[in-house]
Every structure is written in C-alpha cells, then in structure tokens.
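Structural overview for review
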Amino acid sequence: MTERTPLLHYRLSASVNESEQRSPPAGQAPEQHPGSPRQRSGHQRQPKKLSIFFGVVIPTLLSMFSVVLFLRIGFVVGQSGLYQAIAMFLVAYFIISMTVLSVCAISTNGALDAGGAYYMISRALGPEFGGSIGIMFFLANVCGSALYVLGLVEAIVATFGVPEDGTMATSSYQVLPSGYWWSLLYATAIALLCLLVCLVGAHIYAKATFLIFLVVMFVLGTIFVSFFAVSPHTILLPSTGNPAANRTGPVPPTTANFTGFKLETLLGNLWADYTLDYTTGYMMTFATVFAVMFNGCTGIMAGSNMSGELKNPSYSIPRGTITAVIFTFIIYNLLCVLVACSCDRVLLQSDYSFLRDINIWHPFVTVGVYSSTLSAAMSNLIGASRILYALARDDLFGKVLSPAKKTSHSGNPWMSVLISWFLVQLVLFSGKLNTIASIVTIFFLLVYAAVDLACLALEWASAPNFRPTFRYFTWHTCVLGIVGCAVMMFLINAIYASASIAFMLLLLLLIHYLSPTSSWGYISQALIFHQVRKYLLMLDVRKDHVKFWRPQVLLMVSNPRSSVGLITFINDIKKSGLYVLGHVQLGDLSTLPSDPLQSQYDSWLYLVDHLNIKAFVNLTLANSVRHGIQHLLFISGLGGMRPNTLVLGFYDDCLPRDKLIDPSLSSIQCTDSSGPSQELEQQPPLFHFTSLRGSSDRQDCGEYGDGKVLGPQEYVAIIADAMKMLKNVVLARYFNNFDRAQVLSPPSSSSGKGAVYVDVWPVNLLRPDSSSYVDTCSLFLLQLACILNMVRAWRKATLRLFLCVEEGRSVRGSEEKLGQLLKELRIKAQVYPVPWDQQVALHWQRQGEWSKKHSSQSPDATTEEKKPRALEEEEDEDYVNSFPSNATRLSDDYLSAVNKLIRDAAHPAPAVRFLYLPRPPADTRRYTTYLHQLELLTQDLGPTLLIHGVTPVITTDL
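As the structure is a prediction and not an experimental result, all values here were calculated from the model.

The peptide bond linking H907 to P908 adopts the cis configuration, its omega dihedral lying at -5°. Of note, P908 is situated in the loop between α35 (892-905) and β11 (912-916). The phi torsion at N612 lies on the positive side, around 55°, for a residue other than glycine. By secondary structure assignment, the location of N612 is in the loop between α22 (601-611) and β5 (616-622). One non-glycine residue, D940, lies in positive phi territory at about 60°. Structurally, the position occupied by D940 is in the loop between α36 (927-937) and β12 (944-948).

Okay, here's the thing in structure tokens:
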C-alpha cells in the first residue's frame, strides 16, 4: 500500500491487508523501495487497538498533569501572583488551543501513520520542513523526558534526601545522600527504568498508564479536598544548599503558613513578586516563570505521538486532545485560585513541594508526583523513539539514521528507544529542572508553530483535497497560533529561540539538497500554483511597455541530444524572461491508441534539471512540423507570459552529434558503437530520446533523406509564419559543438589574452544600400547582444560592433553617430568601421544600371545570369521593385565575399556572432534560394545567430 493509493481504496483494504501482512524478522527494517513511500506501520506492528480514552486522553492528561501540577503550581502563583498566573495560563492555552485546532484539522484530513506531529508536518509541508521539524520535535521530546526525570528526582530528594546544607534531617526517612552527582545517579536509574518499560512496548505502557491515571486522579481529588479539610498550620520550609539564596538579605525564613481560606492571604497573592529561585539561584521574571509553567501545556501531542497505535487516529486525536486540554485548563485555574486563597507567599516561593505538606495524608501527593512524572517521562521517551523511527524509515538523512529502523518481532523500534534514552541521559547532566525548562519550551513552541504553519499552508493553497472533517478552524487561528508561538519563544529566551530557528533552517537546507525526491506531495507546489495563478491574472498585456520588454523565447528542439549547446546558450539570453523548449512530434492522435507525448515529459524535465536551466517544456503532436510550431506559437504561455521570440536551429546538411552521452565515452564512440549503450545501461535511464539522424542505430531516412522530417521550403515557411504572427525570429547555426564553459574560458594568447568577444553586424548585409541607417531589426540585434553581455557569465565579454562603410562616405561621421546612439542606449561596445567597397562592387545593384529613383525597368542580362536558379527567371517584372525579389538576384560571389569579410574582420575570433536576418521573400517559390543565400552568408562563421526583430524593444526614455 503506497501513499499514491486513493484514500477510499486505503479505507476499504486496510483492514484486510493488515491481517495479511507479516511482521519482518527481528532486527530487520521493513523492506524499502528506493524513492517509494514507506509502508504503513500497521503492516509491521500488532493490530491497532487503542481507543480515544486509552490512546489519547490518558497519555495527554498524564503528560500535562506532571511537574507543573504537583511541583510548580505554587512556584507560578508565588512568583507571578494570581493575576499574572491566570494570564499566563490564558496565553499558554490560547497558543496551544490554536495548535490543537490545527492538529485536529490535519489529523481529520486523511489516514495518519506513526510519527504524530512529524507525520502531519512532513506529509503536509514536504520532506524539508517535515524532516527539520521532526528532528526538533524529537529533541523536544528527549529534553521533555529528561525534564520529567529531573522533576521526579527533585521530588524524591525533597522527600527522602538528606539536606544539602548539612542541617539535621527533619524526619527519619530522609536517608538518601544529596548533591549533584547523587541526583544524577538517581536520574540515571529512573531513565533506565523508563527504558526497560519502553523496550517492552507501547501497548504494555498504555495499559499501565490507566493505573497511573487512576492514581493521579485520586491524588488530585485529595488535593482539592485538603484545601477545605485541613486546618491552618505552620509548615517547616526545606533548607537550600544554594549559597546565592542566602547572600541576598537577612537569614531566610525557615517556616511558612498554610492559612486556609483568608481574604488577607488572597490579597497578598494577587500581584507579582519575583524573587530568586531557591533551586537555581537565578532571579525569576515573567518569561522564566512562563517557561516553567508552559511545560504543563506541552503534553498536547502525547495522543498524536501514539497515532501509530490508535484504532482510528483521525477520529480519536481531535476528540481526545480537546477533551484533555479543556479538563487540564479548568483544573490548573482552580488550583491557582485555591492556592492563592490559602497559602502564604513565603510558602509558595520557598517550598515547591508544599502540596504534600498540606495534604490530608502526605504520601498521597508523593505517590502522585512519582507516578505522573514517571509516566510523563516514559510518554516523552516513547514519543521521541516513534518520531526517530518514522524519520529513519523515511530515509531523509540517508544512512545516518538507518540503525533506528531496527524493530523487534512485535514491531517495537528498540534501537530508536535506545538512541532516545542515550540522548535523555546526556540531557540529565544539566542537573536542574528549571535549567532546561526554557529549552524544552522553545522546542515545543517551534513544533507547534510548524503544525500551525502546515495547516495554514494547506488552507491557503485551497487544494480541493484539503477538506478535513473538523471544520472549527480558519487561517486566522493558524496565524494567531504562529504569532503567539513566535512571540513567546523570544520572550522566554531570545538567544535560545534564535539558535533553535537557525538550527531548524540548517536542517531544512541540508534535507533540501541531500534527500531524494519524495512522493508525499510538496505544499510549496500548491502554494506557488495558487500565487502564480493570481499574479498571472494581474499581468495585463494591455499595460505592456517597451521599457520593461524582455525576451520570451520559444526554442524549437528537434532532438535534445544534439541541441545541448544551443539550449544552454539561449538560457543565458532570456534575461529572466519566459523560456520554453518546444518540440513537435509527427503523428495523428486519431490513429494512435493514446497520447505518445505523456511518456516523454519526464525525460524533458530531467533534461532541464540536468542542464540546470530555467525553462518550461511544451510538446505537441501535429501532422507537420510547420503546423506544430504554429500551434506552439499560438498557445504557448499564459496571459502576459507568451513567447515573443522564436528560435530555430539552422537548416543545413551538418550531421548532429550526441552531447547527452558521458564525455568520457566520446573516444569509445568513434571506435566501438556498442560502448556507449553498454555504459548508459549502467546509469539511470533519465533521457529516453530517439537516436540522432545519421546514427548507426537509426534506420529511417526521413521524408527528405538523411533522417530529416522537414524540407527547406517548409523551414522558410515557418520563419515567414512567425513574422506574420509578429514574433521575432532567431536562426542559430554552428551551435552543435558549442561548449559554454570552454567558450567563456578561452586559452590565453599573446593577441587576445584570453578575452571573450561577441561580434554584432547590425545592418542588412544583403542590401548594401541599407547600411547607412539603423532600423527596428538592428536595434533588436543590439538589445540581444547587450542582454547577453549583462549575464554574469558573459559580463567580461567585449561587444564589437562592425560598421560597414563605403568609399566616399564620411567614416568618422557614421562612427560618431553610431557611438552617440550606443551612448543613448547605455550599451557599452567597441565600434569598428569596416570598408566593404570590394564586396559591394559584386552586388547586382552596382553591376547593373540601377536607378536611385527605383524605376520599374528590369535589370540587365548580366545580373540575370548570376541567379542561382533558372526557375527564378520567370515573372521578373512582377517582383523587380520588391526587396525579396531583388535579394534573389544576389550572386554567390557577393555572398562568399561578405562571408570572407565577416571572417577576416574579427581577430581574435568571437565566441558568437549576431547577424541581421532579412525577411523571407514574398514569393514562396524563392524560399529555397533565400535559404541558400543564408547558408553562404554564414558558412564557417562558428556559432552565429541570424536575428530578425519585428517589435521595438529599446527606448531612450526613463
């Protein structure tokens, strides 16, 4: 049973499957599948059989009725007064009530497993938050267990211990040696007792807790009765071995009074009177007293921690937890009022065990303290071990926690219990209960805030599947819980709070980068979706302005194996804009059994991760490449985020090379064709892309030979279509072998000194008469080159702008004019004038009798002979005045000469060239000639972009 299984199926089959599953052999962890969710704990444990009362109410009450109830209620009232004590309880219960509402909401939204709060948080917020908070919750339970053990030791020493100051024992049973090391010995013995019980198993513990619960309830009843039944008397105060307490003022009192119900006593206990804590010698404040008091409220997760042993966690946890919280709140406040009305302030401040001294029979309270604190210590130890076990099974920390997976025959995680006990033993070295109270409180507050955050995130994400049956919560209660927890954390101890948050964030980052991807679902994805949808609706295309223009690129990829260089380069040029990898698969859905694209998306997304680029993937199925690209141009993107620039690879006869195979295999590929395939089989099969055309294992030759599925006519038609749709067009040539790392770190030479250059030719080289002005397309060219130069990796590259000039024209004037334009556009580039009289002389305009008035006469026969195709001689008179027609008259000699000019003008050779892409001819019969001219123009130029811009992208205004 996996977590991908529908909830309904889980509900129907869980009872059947649980009886069929066999528990694993002792010492072995349950079988794990890499990347799959862990199996439900019910498969490895005894059948879940704890009810609401036994599984939730009793553990929660015993965790809350422990140290504070029996040992610290007088301390709270004595230090802070009745008003502040009630205020503290109100604040504390307000915080935990908000958290309880969140716990109830999450626990009723689906099936719960072992791990309690950790399971809720991890499945709601994802592994990063879940793992980091899980560790914090584990540490909170460890420290909480140590806190209760120390509380029990304090009670034992107060009852049976010899006074530390060397005075005579007041009773015959005060025989136990006292002191730090003796207290540590007693604490160690108690921790061992807890360990033994926990090793037996949670079910034995759950049964024993009922007896403890009866004892505690009976003792609590005797305490209430004692306030009314016991007459006023004087109580001998315990001596303190803390010299700090004796240095402040005169000799401390040795006796105090239990006055019974008196108005005078009540008035004396109403207001705060913070003094030294006689056990630690520290001055008490509201924050320190609240830290100690709040430990009585931290047991609300005891029932959640038992989620793996409950019959119906989703039903039991909300009802049991709320019942326990309401009951304890009433009892605490009643006790505060009764204590304030009947006990002297000195008694409350100087004797934390005074409830024993005012009880009908003193041993009652002693028994209650021992049983409740021992139960709470075991409850926290079991809770800690279950959280650690859940963390280990989720494999968030790799092999570090793998030993904690070991279980006994009955499914008890004995190794987790041992590890938890060992850490409890380390905490016991702190020695005093009040010393670690702040740390425990902050850890629990952090966990509570995380539970509230989990519920808040689920509520804000507005996911349809978040519909808990418990509806008494809103996002307001979650926010109030988070704010309350955060404020109290920093009020208690700002240093501890900051350190714990920093530790949690460190764990979060560690898990984010080291743990494998889980199948639990990430709340971040739901929240991002919710916010992105909202902002996309706010992104209004009618408010677009040229000042904020950025390239939004649709890069068409035939086969990613040969396009790695181009994909990474275009990623640099997008400037935080939309980047979409598009692919057209030929086919007809009506003749196919299913959509063939669905199985390919994972490979494309793995490619995006592998190349570390920020891109979306858009695949389409069409009967031709042209129609597929039209589909993508029409429908790619959403709202104001739509591609405005189409990038195509160049159409030529170069055979592609596979760049997705391991570089170390390149030498093998040349000699042994089976080498790469054998090596790739040993690696995870991430990329399921087809073989490249021309490769030995690809048999089809394609419609146009050599594996091509696209002809030259259709290719140019795609360019024309994009321009009709007002999309900028970029053709990329010679990026097959482009290696970004190699290009950006060229070998140093005497001439270039390792510099990187980007060459820009911002004029239409096919029309010399247009070289004297700069149009929209030229500015688009400059903008893309400037954007590339703004990218961090390309920041050190030098832009070289080549200005073509003819004899007789003012070179200096043109250069100054271009320089001024660059200055206004804030583009830093070096301008190089290039004389091209020899090349222009070969142009058909200069060889014929070209009229500057653009007369409608046909050019002479010499120009006609230089046309590359005989077919294009037809109907010259219809096209003589249109540039597309005139462009077809260009001779191969002229194009070769311009190509040589471009190559010779650049020393050293640039990393990439930006050239002006002229419009395709209006006559579709001349598409092939147009493509032939572009091929000659860019022959052997290295990585080159032919760019045609149709929209204004640059402004000189603010």
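Moving on to the nonpolar core. Ranked by internal contacts, the top residues of the largest apolar core, which has 167 residues, are I96, F227, Y332, L335 and L428. Of all the elements, helix α3 (residues 67-107) adds the most residues to this core, at 23 residues. The contacts of L428, once residues within four sequence positions are left out, are A146, V149, L150, L184, A187, T188 and A191. Counting residues in each nonpolar core, the second largest holds 60 residues, with V608, L781, V805 and A911 among its members.

Locating Y522 in the fold gives a position in the loop between α19 (494-514) and α20 (523-538). Residue class for Y522 comes out partly exposed when judged on its relative accessible area of 24%. The sequence separation of Y522 and S122 amounts to 400 residues, and the corresponding C-alpha distance is 9.1 Å.

Taken together, the side chains of Y180, W181, F422, L426 and F429 define a hydrophobic patch exposed on the protein surface, amounting to about 570 Å² of accessible area. Counting only elements with at least two residues in the nonpolar patch, the list comes to α6 (180-200) and α16 (414-427). For L426, the position within the fold is in helix α16.

To continue, consider the environment of Y148. Tracing the sequence through the fold places Y148 in helix α5 (residues 127-160). For the pair formed by Y148 and Y370, sequence separation is 222 residues and the distance between their alpha carbons is 9.8 Å.

So, on to the side chain of H948. Summarising the element assignment, H948 is placed in strand β12. For H948, a relative accessible area of 7% translates into the label buried. Of the polar contacts made by the side chain of H948, one reaches the backbone oxygen of L917; its length is 2.7 Å.

So, how was this worked out
Residues numbered from 1 in each chain as written. Predicted model: local features only at pLDDT ≥ 70, side-chain atom pairs only at ≥ 80, totals over all residues. Heavy atoms only, no water. Helix = DSSP H or I, 4+ residues; strand = E, 2+ residues; numbered from the N terminus. Core = buried A, V, L, I, M, F, W, Y, C linked by side-chain atoms within 4.5 Å. Buried < 20%, exposed > 50% of the residue type's maximum accessible area, 1.4 Å probe, protein only. Contact = heavy atoms within 4.5 Å. Patch = residues over 30% accessible without salt bridge, like charges linked within 9 Å, V, L, I, M, F, W, Y side chains within 5 Å. Areas by Shrake-Rupley, 256 points an atom, 1.4 Å probe, with all protein chains shown as cover. Salt bridge = Lys/Arg side-chain N within 4 Å of Asp/Glu carboxyl O. Polar contact = N/O pair within 3.5 Å; in protein donor to acceptor, adjacent residues only side chain to side chain.

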